[in-house]
Amino acid sequence: MLNFGVSFVISGDVDLKTLKETARRIERDLLNFHDISKIEITGFPDEEIEVSIRESDMRKFGLTFDQVSTAIKKRQCEIDRRHYQRRQRGTPR
């Protein structure tokens, strides 16, 4: 079996979201070839999600800061688990 790697760069005068979508589309297309077993996309900054909740809204729904924090952490664990399982199966994100 022959093993080798190829690197290529995607660039353009477009926003980061468009570049990332293009990279993911190329990743999906390449993973359709049975001889390609691994693709690693690098160079993008980590994604962040900001959650902003007004204190008055938390009181309105009877929520505490700890409840909101716990719900967010639980959801993140579910997302991380699904991402890990897909990577183990070799399916795109």
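Note: the structure precedes this text.
Residues numbered from 1 in each chain as written. Predicted model: local features only at pLDDT ≥ 70, side-chain atom pairs only at ≥ 80, totals over all residues. Heavy atoms only, no water.

(A) Local environment of the overall build of the protein chain. In terms of regular secondary structure, the protein chain is built from three helices and zero strands. Scanning the protein chain from its N terminus toward the C terminus, one meets helices and strands in the order α-α-α. Within the span of the protein chain, comprising 93 residues, buried residues form 9% of the whole. If you take every contact in the protein chain between residues at least 6 apart in sequence, the share linking residues at least 24 apart comes to 32%. Working note: accessible area of the protein chain is about 8,700 Å², and carbon and sulfur atoms make up 52% of it. (Helix = DSSP H or I, 4+ residues; strand = E, 2+ residues; numbered from the N terminus. Buried < 20%, exposed > 50% of the residue type's maximum accessible area, 1.4 Å probe, protein only. Contact = heavy atoms within 4.5 Å. Areas by Shrake-Rupley, 256 points an atom, 1.4 Å probe, with all protein chains shown as cover.)

(B) Highlighting the pattern of salt bridges. The final tally for this structure, using the stated rule, is four salt bridges. A salt bridge links arginine 24 to glutamate 27; the nearest nitrogen and oxygen atoms lie 3.6 Å apart. Pair noted here: arginine 24 and glutamate 27 are both in helix H1 (residues 16-31), with a separation of three residues, about one helical turn. One salt bridge connects arginine 54 with aspartate 57, and the closest N-O pair in it is separated by 3.1 Å. A relative accessible area of 22% means that aspartate 57 is categorised as partly exposed. (Salt bridge = Lys/Arg side-chain N within 4 Å of Asp/Glu carboxyl O.)

(C) The arrangement of a nonpolar patch on the surface in detail. Judged by side-chain polarity, Phe4, Val6, Phe8 and Ile10 come together as a nonpolar surface patch covering roughly 450 Å² of accessible area. Mapped onto the elements of the fold, phenylalanine 8 is located in the segment before H1. The exposed category is assigned to phenylalanine 8, whose relative accessible area is 51%. (Patch = residues over 30% accessible without salt bridge, like charges linked within 9 Å, V, L, I, M, F, W, Y side chains within 5 Å.)

(D) Focus on H1. Taking 1.5 Å as the rise per residue, H1 with 16 residues should run 22 Å; its terminal C-alpha atoms sit 22 Å apart, in good agreement. Taken residue by residue, H1 has Leu19, Lys20, Ala23 and Glu27 as its buried positions. The buried side chains of H1 occupy one side of the element, clustering within an arc of 95 degrees when seen end-on. Between the side-chain oxygen at the start of H1 and the backbone nitrogen of lysine 17 there is a gap of 3.0 Å, and the oxygen is on aspartate 15. (Expected span 1.5 Å × (residues − 1). Arc of directions from axis to C-beta. Polar contact = N/O pair within 3.5 Å; in protein donor to acceptor, adjacent residues only side chain to side chain.)

(E) Structural context of the environment of lysine 20. Mapped onto the elements of the fold, lysine 20 is located in helix H1. Each C-alpha atom, one on lysine 20 and one on phenylalanine 44, is 7.6 Å from the other, the two residues being 24 residues apart in sequence.

(F) Just the side chain of lysine 20, in detail. Given the relative accessible area of 16%, lysine 20 is considered buried. Setting aside its immediate chain neighbours within four residues, lysine 20 contacts Phe44, Pro45 and Glu47.

Note that every value here comes from positions in space, so none of it alone points to a role or purpose.
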